[in-house]
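Structural description and commentary
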Amino acid sequence: RSLSTGKRPTASPFAFAFDIDGVLLRESKPIPGAAETLRYLQKNEIPFILLTNGGGKHESERVQELSDKLKVDLSNEQFIQSHTPFRHLAADLLDKNILVTGSDASKVREVAEQYGFKRVIIPADILKTYPNIWPFNPLLDTVYENSGRVLPKGELKIDGVFVYNDPRDWAFDIQLILDLMQTENGLLGTYSQKNGRKDLPNGGWQSDGQPRLFFSNPDLLWATSYHLSRFGQGSFQSAIRGIWKDLTGGRDLKYTIIGKPHAYTYEYAERVLSQHRADTFGKPSDAETSRIQRVYMVGDNPESDIRGANDYRSPEGTAWRSILVKTGVWDPERGSPSCEPTHRADNVNRAVQWALAQEG
Ligand code: G3P
Ligand code: MG
């Protein structure tokens with residue numbers, strides 16, 4: 001957005017971070033009042049970012065969709081998805097094979113390649129190359145046939161496994177991911193009983209090249225167009241952990257997980273928000289107002305949006321306050337939220353009104 005007047009307004013000392021699912025949208029349907037609220041903030045030059053545990057498409061594609069749906073002019077620079085931070089890992093893994101899952105068809109391969117990863121494999125490639133790796137697959141002749149690429153036969157070493165969004169075929173993805181976590185050094189088709197053994201050096205994980213497992217979103221539940229919350233990527237992780245435990249008799253499973261409520265994601269979001277504010281409203285000269293003093297995190301999930309904002313300690317000293325809305329995962333009729341926000345509001349519009357009243 002270019003500033004119409006050309007003058008640099010004084011950058012607001014406070015800003016907003018909005019969750020998407022259950023706050024602005026229910027899947028593709030805008031929640032009443034959401035679009036007007038964002039437009040009001042833009043008109044009054046109050047900075048905000050969208051901070052979602054969702055994903056599965058490239059940021060630019062999702063931002064275009066959201067701008068169209070909400071009729072608000074959004075920019076890539078104010079948008080963070082669950083897997084957005086993974087793009088910074090590409091440079092270190094250029095010569096490595098990485099398995100990526102979590103989107104419709106082969107979309108997740110496109111996203112990973114747009115991030116700069118060069119050797120991207122999706123589960124469809126493996127099933128198309130080795131059809132007997134997972135029996136009874138009803139999707140083999142349709143989804144997998146159309147989106148998979150036949151891989152060169154012979155040794156296949158996978159160095160990293162990334163879950164970008166909610167897997168569409170949990171059964172096969174769990175089989176494949178746990179196959180890889182039991183390999184010798186990530187070689188598909190090998191089997192090791194060492195991985196995760198606490199009594200072995202490095203916990204039994206081969207230090208050179210055991211595939212590292214990355215999750216991007218711990219949400220057990222999320223708000224969709226159905227009236228009851230649905231299982232999210234966190235439920236998929238519960239299934240993975242449960243099967244690994246029974247499979248190995250309780251050996252450790254090593255993985256990295258980002259996304260709300262993890263501090264890594266909030267620190268990433270704060271940097272993005274500060275940069276967006278500086279780019280859009282100019283960086284004030286004096287030290288005090290040059291940084292954002294307060295961020296209001298508006299979310300529907302006590303365990304991700306609210307817990308993350310409440311627990312986050314900003315290295316910049318920025319105060320994060322949480323506002324829990326009733327239009328998503330949290331259902332007031334089931335009792336108090338598992339994590340109490342700074343403030344409870346009916347919806348995103350009332351949430352912003354409350355925050356503005358706090359700012360005077
Ligand atoms: O997969 C999306 C879901 O886990 C939650 O998304 O926007 O409510 O953080 P959001
Ligand atoms: Mg949400």
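Overview of the structure. Quantities reported herein were computed from a predicted structural model and do not represent experimental measurements.

**Quick word on the nonpolar core**
Ranked by size, the top nonpolar core spans 42 residues in total, and within it Phe-117, Ile-126, Phe-162, Tyr-164 and Met-181 carry the most contacts. Of all the secondary structure elements, the ones that give two or more residues to this core are strand E6 (97–101), helix H3 (107–115), strand E7 (119–121), helix H4 (123–129), strand E8 (160–163), helix H6 (170–181), strand E9 (212–215) and helix H7 (233–248).

**Description of H7**
With 16 residues, H7 extends 22 Å between its outermost C-alpha atoms, agreeing within 8% with the 22 Å of an ideal straight helix rising 1.5 Å per residue. Contacts made by the buried residues of H7 are with E8, H6, E9, strand E11 (230–231) and strand E12 (256–257). Directly after H7, the chain includes Gly-249, whose backbone phi takes a positive value near 70°.

**Quick look at unusual backbone geometry**
Lys-260 connects to Pro-261 through a cis peptide bond whose omega is 15°. Positive phi, normally seen in glycine, also occurs at Ala-105, with a value near 50°. Structurally, Ala-105 can be placed in the loop between E6 and H3. One non-glycine residue, Asn-202, lies in positive phi territory at about 55°.

**Details of the site of ligand 1**
Contacts to ligand 1 come from 13 residues, most closely from Asp-19, Asp-21, Thr-52, Asn-53 and Lys-260. In the model, an oxygen atom of ligand 1 is placed 2.9 Å from a nitrogen or oxygen of the Asp-21 main chain. At 2.8 Å, a side-chain N or O of Lys-260 approaches an oxygen atom of ligand 1. A total of 310 Å² of accessible area belongs to ligand 1 in isolation, and the protein chains cover 96% of it.

**Some remarks on the side chain of Ser-322**
Summarising the element assignment, Ser-322 is placed in strand E14 (residues 319–325). Among the residues examined, Ser-322 registers a relative accessible area of 0% and is labelled buried. Within polar-contact distance, the side chain of Ser-322 engages the side chain of Asn-310 at 2.6 Å. Ser-322 has contacts with Met-297, Ile-306, Ala-309, Asn-310, Pro-341, Thr-342 and His-343, leaving out every residue within four places of it along the chain.

The rules behind the values
- Residues numbered from 1 in each chain as written.
- Chains lettered and ligands numbered in written order.
- Predicted model: local features only at pLDDT ≥ 70, side-chain atom pairs only at ≥ 80, totals over all residues.
- Heavy atoms only, no water.
- Core = buried A, V, L, I, M, F, W, Y, C linked by side-chain atoms within 4.5 Å.
- Buried < 20%, exposed > 50% of the residue type's maximum accessible area, 1.4 Å probe, protein only.
- Helix = DSSP H or I, 4+ residues; strand = E, 2+ residues; numbered from the N terminus.
- Expected span 1.5 Å × (residues − 1).
- Contact = heavy atoms within 4.5 Å.
- Near = heavy atom within 4 Å.
- Polar contact = N/O pair within 3.5 Å; in protein donor to acceptor, adjacent residues only side chain to side chain.
- Areas by Shrake-Rupley, 256 points an atom, 1.4 Å probe, with all protein chains shown as cover.

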